[in-house]
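Residue-level structure breakdown
Chain residues, written in single-letter form:
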Amino acid sequence: MKLTRTPLFVASMLATTLALSGCETKSAAASESKEPSAVDTVATAPAAAAPANPNAPAPDPKTIPANKIATAAEILARPQVPILCYHQVRDWKPKDSKNAKDYIVPVAQFRDQMKMLADSGYHTILPDQLYAYLTTGAPLPSKPVMLTFDDTDLDQFTVAKPELDKYGFKGVFFIMTVSLGRPRYMSKAQVKELSDQGHVIGSHTWDHHNVKKYQGEDWVTQIEKPTKTLEEITGKKINYFAYPFGLWNPEAIPELKKRGFVSAFVLAEKRDQQDPLFTIRRIIASGYWSPRTLHNSMKNSF
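Figured I'd write up the structure that's included with this text. All of these numbers come straight from a predicted model, not from anything done at the bench.

On a plain count of helices and strands, the chain comes out with nine helices and ten strands. When each of the 302 residues of the chain is scored for burial, the buried share is 56%. Looking at the chain as shown, the accessible area adds up to about 12,800 Å², and 54% of this sits on carbon and sulfur atoms.

Written as structure tokens, this is what we have:
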């Protein structure tokens, strides 16, 4: 792949991304701050004025009439769904730093985490289901959880996907297109296979540059072109976006809306009070966490 230099492109950023694939600037093992509206346990979504079957296919988010979409206050009042963010799924190496290990979940640890979720009765949901729940109160399966994977790492396909398949889980893969086909990263064919098998593909920029620094044509280079690439690969509309490093600013939200996104995902920060759909919270699943610690973190963070 030939890389062209953009006003934002910095070689050291790409090198850091390819080496670590970390989307957070602080340790995932640190305690998460809880919003005033958060609850310790996630209940099944209320079913009022919604289809009775929580397992029914979610509607295309763009087919939901604007006058049926809840207000920001109503969205913020709904119990949050636990959303986990994974990066690399591989065994630690001697050169991995202490901080890097937050973003690298050893293979056996990942398998144990997935088994815990299955044994505990969790059901994976996808972004269209979450969007319908947040905007209309549509019901969700009991004990919903969303599994997300950032940065296109190959081990997400070769290691994580077989574990998801084992339990019938589906995930959301936020793709950084600069790395497609590079060593240790997924190919276009693998991204399409994920999409064809019912996983969701989301946009994660071209080269993982901080959204807060975008100016002018950066929105085309970092958002429009990569999203079009993903739509060509999958044959599907790309509706969801994850901010690199979890960093965002209010100026980014109208830019994402203008480009057709219906919601976007941050990390452990508080949601925006005006646009909670574009600041949906996730927590990084740390490589240090046992299944019990992961479960406790899900309960305490959401």
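Let us now look at the pattern of salt bridges. Working definition: two side chains of opposite charge can pair if their charged atoms are close together. Evaluation of the coordinates by the stated rule reveals twelve salt bridges. The partner of K161 in a salt bridge is D165, with the nearest N and O atoms 2.9 Å apart. One end of the pair is K161 and the other is D165, both in helix α5 (residues 154-167) and four residues apart, which spans about a single turn. With a closest N to O distance of 3.3 Å, K166 and E163 form a salt bridge. You can see K166 and its partner E163 sitting in helix α5, three residues apart, about one turn around the helix. Its relative accessible area of 54% is what places K166 among the exposed residues. Here the salt bridges share partners, and the residues they tie into one network are E224, E255, K258 and R259.

A few words on the pairing of strand β6 (residues 171-175). Counting buried positions along β6 gives five out of five residues, so the element sits mostly inside the fold. Sheet analysis places strand β5 (residues 144-150) next to β6, joined by four bridges and oriented parallel. Bridge assignment links T148 to a residue of β6, and that residue is V172. Handedness of the crossover is the feature at issue here: the chain leaves β5, passes through α5, returns alongside β6, and the resulting connection is right-handed. Examined bridge by bridge, β6 and strand β7 (residues 200-203) share four bridges and lie parallel to one another. Bridging across to β7, V172 finds its partner in V200. As a crossover connection, the stretch from β6 through helix α6 (residues 188-196) into β7 is right-handed.

Attention shifts here to the packing of aromatic side chains. Summed over the entire model, instances satisfying the criterion amount to ten aromatic pairs. Members of the aromatic cluster, joined through ring pairs, are Y86, F110, F149 and F173. Seen from the ring of F157, K161 lies directly overhead, with NZ or CZ sitting 5.7 Å from the centre. The aromatic ring of F302 is capped on one face by R281, whose charged end is 5.2 Å from the ring centroid.

Moving on: the packing of α5 against α6. It is at 10 Å that the axes of α5 and α6 come closest, and there the two elements cross at 45°. Regarding the angle of α5 to α6, the classification is oblique. In this structure, α5 meets α6 at a crossing whose hand is left-handed. Side by side, α5 and α6 meet where L154, F157 and K161 of the first sit next to Q190, E193 and L194 of the second. Considered class by class, the residues forming the contact of α5 with α6 number three nonpolar, one polar and two charged.

Our focus in this paragraph is empty space enclosed by the protein. Here the idea is plain: a probe the size of a water molecule rolls over the atoms and shows the empty space left. Scanning all chains against the criterion turns up one cavity of 30 Å³ or more. If you trace the largest cavity, you find it lined by I75, Q80, V81, I83, L130, L134, R271, P276, I280 and R281.

What follows is about helix α7 (residues 218-234). A rise of 1.5 Å per residue sets the reference length of α7, with its 17 residues, at 24 Å; its end C-alpha atoms lie 24 Å apart and thus fit the reference within 8%. At E224, α7 shows its largest kink, close to 25°, and the proline P226 lies no more than four residues downstream. For α7, the full list of buried residues reads D218, W219, V220, T221, Q222, I223, P226, T227, L230, I233 and T234. Buried residues along α7 sit in contact with β6, α6, β7, β8 (240-242) and α8 (252-258).

The buried fraction of helix α4 (residues 127-136) is high, at eight of ten residues. Looking at α4, one finds that the buried residues are P127, Q129, L130, Y131, A132, Y133, L134 and T135.

Core analysis: the biggest nonpolar cluster contains 71 residues, and Y86, L130, L147 and Y243 have the highest contact counts within it. Broken down by element, the residue count for this core peaks at five residues, all from helix α3 (residues 107-119). Each residue touching L130, except ones within four places of it in the same chain, is listed here: V81, I83, I125, M146, F265 and I280.

What counts as what
- Residues numbered from 1 in each chain as written.
- Predicted model: local features only at pLDDT ≥ 70, side-chain atom pairs only at ≥ 80, totals over all residues.
- Heavy atoms only, no water.
- Helix = DSSP H or I, 4+ residues; strand = E, 2+ residues; numbered from the N terminus.
- Buried < 20%, exposed > 50% of the residue type's maximum accessible area, 1.4 Å probe, protein only.
- Areas by Shrake-Rupley, 256 points an atom, 1.4 Å probe, with all protein chains shown as cover.
- Salt bridge = Lys/Arg side-chain N within 4 Å of Asp/Glu carboxyl O.
- Pairing = 2+ DSSP bridges.
- Right-handed = clockwise from strand over helix to strand, strands pointing away.
- Phe/Tyr/Trp six-rings, centres within 6.5 Å; stacked < 30°, edge-to-face > 60°.
- Lys NZ or Arg CZ within 6 Å of the ring centre and 35° of its normal.
- Axes fitted to C-alpha atoms, helices over the stretch in contact; angles between N-to-C directions.
- Parallel < 35°, antiparallel > 145°, perpendicular 65-115°, else oblique.
- Left-handed = near helix turned anticlockwise from the far one by under 90°.
- Contact = heavy atoms within 4.5 Å.
- Nonpolar A, V, L, I, M, F, W, Y, C, P; charged D, E, K, R; others polar.
- 1 Å grid on protein atoms, 1.4 Å probe; cavity = no way out; pocket = protein on both sides within 12 Å on 5 of 7 lines; lining within 4 Å.
- Points joined across faces, edges and corners; volume = space filled by probe spheres on them.
- Expected span 1.5 Å × (residues − 1).
- Bend = angle between axes of the 7 residues up to and from the residue.
- Core = buried A, V, L, I, M, F, W, Y, C linked by side-chain atoms within 4.5 Å.

So yeah, pure geometry; function would need other evidence.
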